[in-house]
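# Chain and residue survey
For reference, the chains in residue letters:
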Amino acid sequence: MAMSRAAAATGAVTRRRLGATAARSMASWFGHVEPAAKDPILGVTEAFLADPSPDKVNVGVGAYRDDNGKPVVLDCVREAERRITGNMNMEYLPMGGSIKMIEESLKLAYGEDSQFIKDKRIAAVQALSGTGACRLFADFQKRFLPDSHIYIPTPTWANHHNIWRDAQVPQRTFTYYHPESRGLDFSGLMDDIKNAPDGSFFLLHACAHNPTGVDPSEEQWREISHQFKVKNHFPFFDMAYQGFASGDPERDAKAIRIFLEDGHQIGCAQSYAKNMGLYGQRAGCLSILCDDEMQAVAVKSQLQQIARPMYSNPPVHGALIVSTILGDPELKTLWLKEVKGMADRIIGMRKALKQNLEKLGSPMSWEHITNQIGMFCYSGMTPEQVDRLTNEFHIYMTRNGRISMAGVTTGNVAYLANAIHECHAVII
Amino acid sequence: MMALAVDVSRFEGVPMAPPDPILGVSEAFKADKNDLKLNLGVGAYRTEELQPYVLNVVKKAETLMLEKGENKEYLPIEGLAAFNKATAELLFGADNPVLKQGRVATLQSLSGTGSLRLAAAFIQRYFPEAKVLISSPTWGNHKNIFNDARVPWSEYRYYDPKTVGLDFEGMIADIQAAPDGSFVLLHGCAHNPTGIDPTPEQWEKIADVIQEKKHMPFFDVAYQGFASGSLDEDASSVRLFVERGLEVFVAQSYSKNLGLYAERIGAINVVCSTPEVANRVKSQLKRLARPMYSNPPIHGARIVANVVGDPTMFGEWKQEMEEMAGRIKNVRQKLYDSLSAKDKSGKDWSFILRQIGMFSYTGLNKTQSDNMTDKWHIYMTKDGRISLAGLSLAKCEYLADAIIDSFHNGLGTAK
């Protein structure tokens with residue numbers, strides 16, 4: 001319907017005048033939208049940043065810091081970036097992501113000479129770091145195994161619950177942490193595995209359990225794997241710390257290799273956030289071991305189908321860094337050295353924290369600090385004790401008592417030990 | 001030989017997914033060995049030499065970033081603050097009252113797709129009874145996004161095959177007929193796949209009916225700057241709605257206008273009635289993003305923030321964008337000229353000149369499009385859409401021959 005220009009113009013002016021008042025008097029669509037609670041982990045850093053105290057210590061979020069408390073960009077990463085800057089165009093990656101990055105990731109997780117890789121039995125896609133890999137798997141599980149649940153360890157990384165919930169996969173928990181010993185409740189764990197219905201899906205932390213730092217021993221992993229065989233359970237590994245836990249990527253993949261040897265067909269989420277320091281690049285990989293090549297192709301196509309309406313295809317920059325490093329023998333060697341360096345510093349800080357606490361004459365046992373592995377230490381502190389640590393000592397950590405050892409330095413370890421000691425002294 | 005722990009794979013019943021209709025085209029193109037082949041499938045900009053193009057400002061920004069040597073820490077869930085500020089200002093205009101009043105919730109997200117998906121997830125959670133109205137036709141992935149987010153949708157008339165133009169009356173009627181409080185998905189500029197945009201007068205009328213029906217306008221802005229060559233002009237439809245005091249959803253992408261396709265950089269913006277509402281909405285969008293990807297990738301965001309934040313680079317960007325848009329306009333003209341000269345049937349091809357942006361809806365149907373591929377090795381999507389970004393002046397005559405042949409004869413060679 002034709003409208004004269006004059007009429008249109010007048011109408012437009014009238015509407016503009018109305019527009020200004022309309023905003024103020026209009027009822028919002030979003031009246032029923034409540035403010036979301038702060039993320040328990042990321043909210044800690046926000047609070048830390050806002051604190052003006054010079055003594056403040058951030059042992060909250062799991063991002064590696066050097067001994068000066070500074071974020072680190074690995075030399076191998078800087079070199080990789082130098083090589084890729086300006087050289088590559090930014091055309092869309094294939095839907096499943098960078099082929100090279102996927103290849104290298106599979107070698108890391110499944111072994112350089114893995115027969116499964118040679119037989120092309122692994123469906124794998126580049127994913128948005130560990131979160132994205134878990135979410136793709138959860139959505140895949142919902143779509144193709146709609147009656148399945150996911151068994152999640154108690155405790156686990158908080159976002160695991162969010163991921164499977166938003167994917168609408170019902171959750172159950174299984175016993176994991178033993179508060180009294182601050183170690184693994186192995187018999188509880190085995191009972192829950194046995195009692196779960198046959199063919200259940202389990203989320204397992206491949207190494208450096210988050211938040212407890214408590215990992216099964218090799219022997220215990222073998223028993224778990226055996227029981228999984230008996231029960232026909234599906235093992236889904238979240239491996240966010242390969243190389244970062246012991247300093248040796250092969251060693252950190254031991255649990256996965258045991259399961260593969262035992263004939264399990266696994267799923268695996270990998271992240272390069274910590275072990276390559278690529279946090280903000282969101283570089284990761286999701287893989288699922290299938291019967292054969294044809295099935296792997298089909299499964300991969302379905303994973304892509306899930307990714308397409310979520311983000312179309314994954315970001316290239318982080319993937320290029322990963323494939324440049326892992327694909328070049330010299331850079332890979334440098335990376336192995338640097339990741340070991342990070343792991344060694346953490347292991348050193350664990351020893352130092354334990355020694356400091358013992359020196360203070362603490363009557364409690366602090367063995368768990370050095371028994372646990374990876375970035376995190378489950379201190380056993382209560383939420384009230386944590387609050388005291390924060391309010392009195394300006395030490396920031398999550399209220400479940402999880403300490404990010406990456407935030408501990410030679411400069412603050414004594415202060416931290418003293419504060420923890422003080423908080424425990426009151427209870428005793 | 002490792003013993004299998006399971007007798008039958010759990011994934012036995014997983015079928016092969018169909019090839020993506022858009023991204024699958026490029027894959028088919030790559031496999032074709034014919035010299036004359038032409039890829040008019042996916043909407044990625046090509047130079048006259050049909051090479052991918054990295055904008056000079058992007059190279060500059062990356063070099064600058066390399067020199068600065070910034071760390072790669074996690075961004076907050078909502079993304080890079082400098083990027084969010086820049087992107088909202090680009091979209092709404094730096095002086096827009098809605099920004100000064102703090103009424104816009106902006107989250108960096110994974111390009112256009114990611115922005116749309118976050119919005120869709122939000123709609124599903126907070127407006128579970130509502131429907132999204134999408135244009136017929138629209139970008140194929142829109143349907144996938146709403147399907148996977150479990151948001152019901154229906155179509156409003158848009159494309160008129162008789163005129164190869166806009167079915168404006170049908171569009172208005174369908175928006176009118178929908179239940180009050182529906183979400184109306186609108187392409188801010190350079191409609192994909194048709195290239196057909198409403199006129200400014202038509203936009204006013206669309207806003208009228210949306211306001212009258214208390215619908216929520218939901219813009220997909222994937223081509224700001226790329227359509228006309230002017231960032232402000234291409235944002236005028238969005239700004240028109242905002243000026244009326246409406247609450248609005250807007251998804252943005254920098255894939256095309258900054259050539260950052262693979263970096264996955266975009267934003268979801270929600271214009272709210274008050275700053276307090278905007279805070280709540282933002283917090284809930286964050287809650288949806290956290291279990292999807294935790295926080296967005298940093299690299300593309302830094303590039304945008306650097307380019308937009310530096311007056312010299314910003315000026316250079318505007319110039320490069322004008323050049324890209326200009327090349328497309330030239331190619332449109334040449335294609336039209338070739339078609340008019342070669343086609344003796346008297347068919348009016350001028351619709352090509354009235355369309356705008358990267359794509360042109362040729363009016364070819366599926367059989368005819370197949371003929372384009374099978375006989376002429378020209379790759380396009382089956383809906384008759386060609387990407388002019390993949391067309392060079394040199395290839396216009398060949399393309400014209402193919403289109404004329406397919407349109408009039410429309411029979412593919414038997415495979």
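Residues numbered from 1 in each chain as written. Chains lettered and ligands numbered in written order. Predicted model: local features only at pLDDT ≥ 70, side-chain atom pairs only at ≥ 80, totals over all residues. Heavy atoms only, no water.

### Focus on the overall build of chain A
The test is simple: Numbering of helices and strands starts at the N terminus; helices are DSSP runs of H or I of at least 4 residues and strands are runs of E of at least 2. Atoms counted for the radius of gyration: C-alpha only. Globule rule: 2.2 Å times residue count to the power 0.38. Burial classes: relative accessible area under 20% of the type maximum marks a residue as buried, over 50% as exposed, and values in between as partly exposed (1.4 Å probe, protein chains only). We call two residues in contact when some of their heavy atoms are within 4.5 Å. Areas reported here follow the Shrake-Rupley algorithm with a probe of radius 1.4 Å; residue values treat only the protein chains shown as occluding. The charged-residue count follows a simple rule in which Lys and Arg add positive charge and Asp and Glu add negative charge, with His and chain termini not counted at all. For charged residues, the charge sits on one atom: NZ in Lys, CZ in Arg, CG in Asp, CD in Glu.
When you go through chain A residue by residue, the secondary structure sums to 17 helices and 13 strands. In summary, chain A has a C-alpha radius of gyration of 25 Å against a globular reference of 22 Å for 428 residues, a match within 12%. Taken along the three principal axes of its C-alpha coordinates, chain A extends 90 × 60 × 50 Å. The burial tally for chain A puts 61% of its 428 residues in the buried class. When contacts within chain A are restricted to residue pairs at least 6 apart in sequence, those whose partners lie at least 24 apart make up 75%. Of the roughly 16,500 Å² of accessible surface on chain A, a fraction of 53% belongs to carbon and sulfur atoms. A gap of 8 Å separates the mean positions of the 45 positive and 47 negative side-chain charges of chain A.

### Here's the deal with the interface of chain B and chain A
For clarity, the cut-off: Values labelled buried area give the accessible surface lost by two parts on being combined, using a 1.4 Å probe and summing over both. The salt bridge definition used is simple: a Lys or Arg side-chain nitrogen within 4 Å of an Asp or Glu carboxyl oxygen. Polar contacts here mean pairs of N or O atoms no more than 3.5 Å apart (in protein, one a potential hydrogen donor and the other a potential acceptor; neighbouring residues in sequence count only if both atoms are side-chain atoms).
Chain B puts 95 residues into the contact, and the matching count from chain A is 99 residues. In total, about 8,400 Å² of surface goes out of reach between chain B and chain A, with carbon and sulfur atoms giving 59% of it. At the junction of chain B and chain A, the tally comes to 4 salt bridges. Across the pair Asp148 of chain B and Arg143 of chain A runs a salt bridge, and its minimum N-O distance is 2.9 Å. If you look at where chain B meets chain A, you find 31 residue pairs in polar contact (both at pLDDT 80 or more).

### With respect to the sheet that holds strand β10 (residues 266–271) of chain B
All names here are of chain B. Selection criterion: When DSSP finds two or more bridges between two strands, those strands count as paired. Here an axis means a line fitted to C-alpha atoms, over the contact stretch when the element is a helix, while the angle between two N-to-C directions is reported on a 0 to 180 degree scale.
Spatially, β2-β10-β9-β8-β7-β3-β4 is the arrangement adopted by the 7 strands of the open sheet, whose pairing is mixed. Two strands close off the open sheet at either side, each with one partner strand: β2 (104–109) and β4 (153–157). Strand-to-strand, the axes of this sheet are offset by a mean angle of 25°, without reference to chain direction. Two strands pair when backbone bridges link them, and strand β3 (residues 132–136) and strand β7 (residues 183–187) are joined in this way by 2 bridges, in the parallel orientation. Bridge pairing in β7 places Val132 opposite Phe183. Contacts between helix α11 (residues 275–293) and the sheet are confined to β2 and β10, with β2 contributing the most and set at about 15° to the helix.

### Looking at the side chain of Ser362 of chain A
All names here are of chain A. Residue placement: Ser362 occurs in the loop between α14 (329–359) and α15 (367–371). Its relative accessible area of 12% is what places Ser362 among the buried residues. When near neighbours in sequence (up to four residues on either side) are disregarded, Ser362 contacts Leu357 and His421.

### What about the layout of surface pockets?
Cut-off, in case you're wondering: Buriedness of a pocket was judged along seven lines, with at least five required to meet protein on both sides within 12 Å; pockets are open sets of points on a 1 Å grid over the protein atoms alone, cavities are sets where a 1.4 Å probe fits but cannot get out, and lining residues have an atom within 4 Å of a point. Grid points are joined across faces, edges and corners, and a volume is the space filled by probe spheres set on the points.
When its volume is computed, the largest pocket comes out at roughly 1,100 Å³. Forming the boundary of the largest pocket are 43 residues, of which Leu42, Gly43, Thr45, Glu46 and Val61 of chain A lie nearest the centre. Taken together, the elements giving at least two residues each to the lining of the largest pocket come down to α2 (42–50), β1 (57–58) and α7 (158–166) of chain A together with α11 of chain B. At 6 residues, α2 of chain A tops the list of elements feeding residues into the lining of the largest pocket.

### Some thoughts on a negative patch on the surface
Convention followed: Excluding any residue in a salt bridge, patches collect residues exceeding 30% relative accessible area, merging like charges within 9 Å and nonpolar Val, Leu, Ile, Met, Phe, Trp and Tyr side chains within 5 Å.
On the surface, Asp119, Asp292 and Glu293 of chain A together with Glu12 of chain B cluster together to form a negatively charged patch. Looking at the secondary structure, you find Glu293 of chain A in helix α12 (residues 293–311).

### Comments concerning the domain arrangement of chain A
Residues and elements named next belong to chain A. Threshold: A domain assignment, automatic or from a database, supplies the domain bounds used here. Asp, Glu, Lys and Arg are counted as charged, while Ala, Val, Leu, Ile, Met, Phe, Trp, Tyr, Cys and Pro are counted as nonpolar; the rest, among them Gly, fall into the polar class.
Split into domains, chain A comes out as domain 1 (40–72 + 343–426) and domain 2 (93–327). Between the C-alpha centres of domain 1 and domain 2 there is a distance of 28 Å. Taken together, the 22 residues of domain 1 in the interface contact 21 residues of domain 2. Both sides together, the interface formed by domain 1 and domain 2 hides about 1,600 Å², and carbon and sulfur atoms give 64% of it. Its largest share of buried area at the contact with domain 2, domain 1 owes to Ile373, Phe376 and Tyr378, together 34% of the area lost on that side. Between domain 1 and domain 2 we count 0 salt bridges in total. Looking at the side of domain 1 that touches domain 2, the elements with two or more residues in it are α14 and β11 (376–378). Partitioning the side of domain 1 that touches domain 2 into residue classes produces 13 nonpolar, 8 polar and 1 charged.

### A few points about the sheet that holds strand β4 (residues 171–175) of chain A
Residues and elements named next belong to chain A. Spatially, β2-β10-β9-β8-β7-β3-β4 is the arrangement adopted by the 7 strands of the open sheet, whose pairing is mixed. A single partner strand is all that each edge strand has here, and the edge strands are β2 (122–128) and β4. When strand polarity is set aside, the average angle formed by the axes of neighbouring strands in this sheet is 25°. Looking at chain direction, strand β9 (residues 267–271) and strand β10 (residues 283–289) are connected through 5 bridges and run antiparallel. When the bridges of β10 are listed, Gly267 appears paired with Ile288.

### Re the packing of aromatic side chains
Applied cut-off: Each aromatic pair joins two rings of Phe, Tyr and Trp (for Trp, the six-membered one) with centres within 6.5 Å, and gets the label stacked for planes under 30 degrees apart, edge-to-face for over 60, and tilted for any other angle. Geometrically, a lysine NZ or arginine CZ counts as sitting over a ring once it is within 6 Å of the ring centre and also within 35 degrees of the ring normal.
Counted under the stated rule, the structure contains 48 aromatic pairs over all chains. Both rings, one in Trp29 of chain A and one in Phe183 of chain B, keep their centres 5.2 Å apart while their planes meet at 75°; by these two values the pair is edge-to-face. Here Trp29 of chain A, found in the loop between α1 (5–25) and α2, pairs with Phe183 of chain B, found in strand β7, and the two come from separate chains. Here the aromatic residues Trp29 and Phe30 of chain A together with Phe122, Tyr126, Phe127, Phe146, Phe183, Phe218 and Phe249 of chain B are joined through ring pairs into a cluster of three or more. If you follow Arg10 of chain B out to its NZ or CZ, it ends over the ring of Phe201 of chain A, 5.6 Å from the centre.

### Brief notes about the UniProt feature "domain: Aminotransferase class I/classII large" (unreviewed entry) in chain B
For clarity, the cut-off: UniProt positions are given in the numbering used here, feature names are shortened, and annotations may be inferred rather than shown by experiment.
Residues annotated in UniProt with the feature "domain: Aminotransferase class I/classII large" (unreviewed entry) correspond here to residues 37–403 of chain B. Secondary structure across residues 37–403 of chain B comprises 48% helix and 14% strand; the distance between its end C-alpha atoms is 14 Å.

### A closer look at the nonpolar core
As a reminder, the rule being used: Buried Ala, Val, Leu, Ile, Met, Phe, Trp, Tyr and Cys residues that are joined via side-chain atoms within 4.5 Å together make up what is termed a nonpolar core.
With 245 residues, the main nonpolar core has Phe30 of chain A together with Phe241, Trp317 and Leu335 of chain B as its most contacted residues. What Phe241 of chain B contacts, discounting residues up to four positions off in sequence, is Leu186, Trp203, Ile206, Ala207, Ile210, Pro217, Phe219, Leu246 and Val248 of chain B. Grouped together as the second largest cluster of nonpolar side chains are 36 residues, Ile102, Ile122, Phe186 and Trp221 of chain A included.

### Digging into the domain arrangement of chain B
Residue and element names in this part refer to chain B. For chain B, the assigned domains read domain 1 (21–54 + 315–408) and domain 2 (74–309). Distance between the C-alpha centres of domain 1 and domain 2: 27 Å. At the junction of the two partners, domain 1 supplies 24 residues and domain 2 supplies 29 residues. Roughly 2,100 Å² of surface becomes buried between domain 1 and domain 2 when both sides are summed, with 69% attributable to carbon and sulfur atoms. For the interface between domain 1 and domain 2, the tally reads 0 salt bridges. Remark: the boundary between domain 1 and domain 2 carries 6 residue pairs in polar contact (both at pLDDT 80 or more). Of all the secondary-structure elements, those providing two or more residues to the side of domain 1 that touches domain 2 are α13 (311–342), α14 (351–354) and β11 (359–361). Among the elements that line the side of domain 1 that touches domain 2, the one with the most residues is α13, at 8 residues. Among the residues making up the side of domain 1 that touches domain 2, the classes are represented as 13 nonpolar, 5 polar and 6 charged.

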